[in-house]
Amino acid sequence: MTVRYHRHKQCRHSLLLLLLIITTIFSAALDSVLSETDVVGFDYGDALSKSLLYFEAQRSGRLPYNQRVTWRDHSGLTDGLEQGVDLVGGYHDAGDHVKFGLPMAFTVTMLSWSVIEYGDSLASTGELSHALEAIKWGTDYFIKAHTSPNVLWAEVGDGDTDHYCWQRPEDMTTSRRAFKIDENNPGSDIAGETAAAMAAASIVFRSTNPHYSHLLLHHAQQLFEFGDKYRGKYDESLKVVKSYYASVSGYMDELLWGATWLYRATDNEHYMTYVVDMAHQLGGLSWAMSEFSWDVKFAGVQLLASMLLKEEKHKQHSKVLQQYKSKADHYLCSILNKNINGTNVQRTPAGLLYVRQWNNMQYVSTASFLLTVYSDHLRKSNTDLKCHQGTVTPEEMLGFAKSQIDYILGSNPMETSYLVGYGPKYPIRVHHRGASIASFKEHKGFIGCTQGYDNWYGRSEPNPSVLVGALVGGPDHRDEFDDRRDNYVQTEACTYNTAPLVGVFARLIELEEELKLEEEDVSLVATYKR
């Protein structure tokens, strides 16, 4: 926390000497956060605003009066009708129109976590209300989708038929069949993640909308109990998701993840005991991770659990929490290139984290978020991260996260921003059905299933609408990027890419304010010396 000092003419000599000491120490610490990209002067406030705008472009359902992305219109208004349930609303995950429940829930969890950690910063920029709207658009849908204690509608639409067509969401002619998990067709992974999302969101709305917060928590508790009692992978029950969002990591991480968030939301020892007692059985202590994503939550569980170590009330759990911490440290050290035995995350020549070819930016944004959150935790507890190849300070951790964000915003060999709509150069042929076809508001004539492929998909011209705030898949392992609409590996964006950025942008805005205060303090000391 930076201390603000009044500029009285008659400052006492001892106060100024103390200020000089504090400023010197603070300046040295913050210097490690700065990088060469500071010369560019990225506008994190603008990036934050744009990132939240993206979620409005991904909305399904009847759009509200205050919809800011005006090239979109109502869509999916009969979702669930065939099955006799109201499943209108929610988000399209990427450039298609299927509503996949697992990545949607992870998106909402990460948006909620961003608000929990950096709500004050979001409020100071005027973006908190937009963040809350983005979260609530998702949780309103989850409430609808959880039609009874042991039933959760996991998907609307069919990826195979959806991908056969290239249409605007307002023109959809593809199947909108809905798929559910229940006692006979379990899905502990999607139940656990949706429980985590609703529990995290209940914390977000606790002070501003307590009734809604209580409702979310009720659903979260029911979903967790359902997922834990009737165990199974959702992609085994629903084969339709296997080609698109298969649960490769299984459901064990989501059960621990859901319990962890329910503990944070309720402070109920039952959930804490679950996280501790089930740590070995559910893999929380056996998996040393190098990624954190919509599928793999272990690193998130390990980091949250390790942050509880400092609390006196968890002393009886210290042994297991310490084991969680060692796994969290492994993840963070692998990101920071400080591990041994070849367990570090690969980087491109220009320094971007590189986990895998398809949609690599999702791993960059989640890693940056976890680094940012944990650096704050270490800073507050006055400790460093100890890795096999050296100690890393909280400032260095935040500095590396900042370098990844600056790469995203344009400090890269392609000199392009991978956050669409930000900066002078960004992807203009994003793989996205709605943005790549003339806006429904301007061209109300129906565009058929294959008509979109014939007339719009193969065009070399830029998309008619800019998908502002979307974080695309990004460059390859050589830092190269080909801005083609059919290059979906690199040019498709997803909601879970952008969601973690909301928190990181908010923290970097805080950092800029800290630097400004530090400069003012240095100036005051210089004035005193004269």
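What you see is a predicted model, and the numbers here were worked out from it, not measured in a lab.

Novice: In this structure, what is going on with the layout of surface pockets? I would like to understand it.
Specialist: Regions of empty space are outlined by a rolling probe, equal in size to a water molecule, passed over the atoms. Roughly 840 Å³ of internal volume is contained in the second largest pocket. In this structure, the second largest pocket is lined by 36 residues; those nearest its centre are Y244, Y245, W294, W358 and Y496. Taken together, the elements giving at least two residues each to the lining of the second largest pocket come down to α13 (361-381) and α16 (451-457). Residues belonging to the lining of the second largest pocket are distributed by class as follows: 20 nonpolar, 8 polar and 8 charged.

Novice: How should I be thinking about the UniProt feature "active site" (unreviewed entry) in the protein chain in this particular structure?
Specialist: UniProt feature "active site" (unreviewed entry): in the numbering of this structure it lies at H431. Tracing the sequence through the fold places H431 in the loop between α14 (394-409) and α15 (433-436).

Novice: For this particular structure, what's the right way to read the pattern of salt bridges?
Specialist: Pairing is possible between side chains that carry opposite charge, provided their charged atoms lie close to one another. Under the criterion given, the structure shown has 32 salt bridges. The salt bridge involving R264 is made with E117; its shortest N-O contact spans 3.9 Å. Residue R264 is found in helix α9 (residues 252-266), and its partner E117 is found in helix α3 (residues 101-124); the two are separated by 147 residues along the sequence. Salt bridges here are not isolated pairs; linked through shared partners, they connect K233, D235, E236, K239 and K242.

Novice: Explain the state of the cysteines to me, please; I cannot follow it from the model alone.
Specialist: Here is the idea: a disulfide is a covalent bond, and it sits between the sulfur atoms of two cysteines. Here the structure, examined in full by the defined rule, presents 2 disulfides. At a sulfur-sulfur separation of 1.9 Å, the disulfide partner of C165 is C449. With the S-S bond torsion at -90°, the cross-link from C165 to C449 turns out left-handed. With a gap of 284 residues between them, C165 in the loop between α5 (159-164) and β3 (178-181) and C449 in the loop between α15 and α16 connect regions that are remote in the sequence. A single burial state applies to C165 and to C449, both of which are buried. Through a disulfide, C333 is tied to C387; the S-S separation comes to 2.0 Å.

Novice: Is there a simple way to think about the UniProt feature "domain: Glycoside hydrolase family" (unreviewed entry) in the protein chain in this case?
Specialist: In the numbering used here, UniProt assigns the feature "domain: Glycoside hydrolase family" (unreviewed entry) to residues 44-504. Spanning residues 44-504, this segment combines 47% helix with 4% strand, and its end C-alpha atoms are found 9 Å apart.

Novice: Please explain the sheet that holds β3 as it appears in this structure.
Specialist: The strands making up a sheet associate through hydrogen bonds between their backbones, and the pairing can be parallel or antiparallel. Read from one edge to the other, the open sheet built from 3 strands follows the order β1-β2-β3, with strand pairing classed as antiparallel. This sheet does not close on itself; its edge strands, each paired only once, are β1 (99-100) and β3. Both β1 and strand β2 (residues 152-156) contribute to a ladder of 2 bridges, which runs antiparallel. When the bridges of β2 are listed, F100 appears paired with E155.

Novice: Looking at this structure, I do not really get the nonpolar core. What am I missing?
Specialist: Within soluble globular proteins, side chains that are nonpolar generally end up buried alongside one another. Within the largest apolar cluster, 153 residues are counted, with the highest numbers of intra-cluster contacts made by W113, Y324 and L409. Core analysis: the second largest hydrophobic core is formed by 6 residues, W166, A438, I447 and Y457 among them.

Novice: Even after reading the chapter, I still don't get the side chain of S334, so can you show me in this structure?
Specialist: Tracing the sequence through the fold places S334 in helix α12 (residues 318-335). For S334, the side chain forms a polar contact with the main-chain oxygen of Y331, separated by 2.6 Å. In this structure, S334 is in contact with M289, S290, N339, T343, N344 and V345, ignoring residues within four places of it in sequence.

Novice: How do you make sense of the environment of D476 when you look at a structure like this?
Specialist: Locating D476 in the fold gives a position in the loop between α16 and α17 (488-491). In sequence terms D476 and H130 are 346 residues apart; their C-alpha atoms lie 32 Å from each other. With near-sequence residues (within four places) excluded, D476 lies in contact with T348, Y354 and Q490.

Novice: What am I meant to see in the packing of aromatic side chains here?
Specialist: The relative placement of two aromatic rings is captured by the distance of their centres and the angle of their planes. Scanning the model with the defined rule gives 23 aromatic pairs in all. Considering the side-chain rings of W113 and W261, the 5.4 Å spacing of their centres and the 80° angle between planes classify their relative orientation as edge-to-face. One end of the pair, W113, is in helix α3; the other, W261, is in helix α9, with 148 residues separating them in the sequence. Note on W113: relative accessible area 0%, which makes it buried. When the ring of W166 is compared with that of Y453, the centres are 5.7 Å apart and the planes differ by 45°; the resulting orientation is tilted. Of this pair, W166 sits in the loop between α5 and β3 while Y453 is found in helix α16, placing the two residues 287 residues apart along the sequence. On the basis of relative accessible area, W166 is assigned to the buried category, the value being 0%. Three or more aromatic residues link up through ring pairs in this structure, and these residues are F106, W113, W257, W261, F292 and F369.

Novice: So what exactly am I meant to see when it comes to the environment of G283 here?
Specialist: Residue placement: G283 occurs in the loop between α10 (269-277) and α11 (298-306). Residue classification places G283 among the buried positions, given a relative accessible area of 3%. In this structure the C-alpha to C-alpha distance between G283 and L256, which are 27 residues apart in sequence, comes to 9.0 Å.

Novice: Help me out: how do you make sense of α11 in this one?
Specialist: Residues separated by three or four positions in an α-helix point in the same direction, a consequence of the helix having 3.6 residues per turn. Within α11, 9 of the 9 residues are buried, which leaves it mostly tucked inside the rest of the structure. On its buried face, α11 sits against α3, α9, α12 and α13.

Novice: For this particular structure, what's the right way to read helix α7 (residues 210-229)?
Specialist: With 20 residues, α7 ought to run about 28 Å at 1.5 Å a step, and its terminal C-alpha atoms sit 29 Å apart, in line with that. Taken residue by residue, α7 has Y212, S213, L216, L217, H219, A220, L223, F224, F226 and G227 as its buried positions.

Novice: How should I be thinking about the pairing of β2 in this particular structure?
Specialist: Side-chain direction in a regular strand flips from residue to residue, so the side chains alternate between the two faces of the sheet. Most of β2 is tucked away: 5 of the 5 residues are buried. Of the pairings in the sheet, the one linking β2 to β3 comprises 4 bridges and is antiparallel in character. The residue of β3 that forms the bridge with E155 is F179.

Novice: What am I meant to see in the packing of α11 against α13 here?
Specialist: Packed helices, taken two at a time, are described by their axes: the angle between them and the distance between them. Closest axis-to-axis distance for the α11/α13 pair is 11 Å, and the angle between their directions is 10°. Judged by the angle between their axes, α11 and α13 are roughly parallel. Within the contact between the two elements, α11 uses A299, G300, L303 and S306 and α13 uses L370, V373, Y374 and H377. Looking at the contact of α11 with α13 residue by residue, the class counts come to 5 nonpolar, 3 polar and no charged.

Reading guide: rules and limits
- Residues numbered from 1 in each chain as written.
- Predicted model: local features only at pLDDT ≥ 70, side-chain atom pairs only at ≥ 80, totals over all residues.
- Heavy atoms only, no water.
- 1 Å grid on protein atoms, 1.4 Å probe; cavity = no way out; pocket = protein on both sides within 12 Å on 5 of 7 lines; lining within 4 Å.
- Points joined across faces, edges and corners; volume = space filled by probe spheres on them.
- Helix = DSSP H or I, 4+ residues; strand = E, 2+ residues; numbered from the N terminus.
- Nonpolar A, V, L, I, M, F, W, Y, C, P; charged D, E, K, R; others polar.
- UniProt positions renumbered as here; feature names shortened; annotations may be inferred.
- Salt bridge = Lys/Arg side-chain N within 4 Å of Asp/Glu carboxyl O.
- Disulfide = S-S within 2.5 Å.
- Buried < 20%, exposed > 50% of the residue type's maximum accessible area, 1.4 Å probe, protein only.
- Pairing = 2+ DSSP bridges.
- Core = buried A, V, L, I, M, F, W, Y, C linked by side-chain atoms within 4.5 Å.
- Polar contact = N/O pair within 3.5 Å; in protein donor to acceptor, adjacent residues only side chain to side chain.
- Contact = heavy atoms within 4.5 Å.
- Phe/Tyr/Trp six-rings, centres within 6.5 Å; stacked < 30°, edge-to-face > 60°.
- Expected span 1.5 Å × (residues − 1).
- Axes fitted to C-alpha atoms, helices over the stretch in contact; angles between N-to-C directions.
- Parallel < 35°, antiparallel > 145°, perpendicular 65-115°, else oblique.

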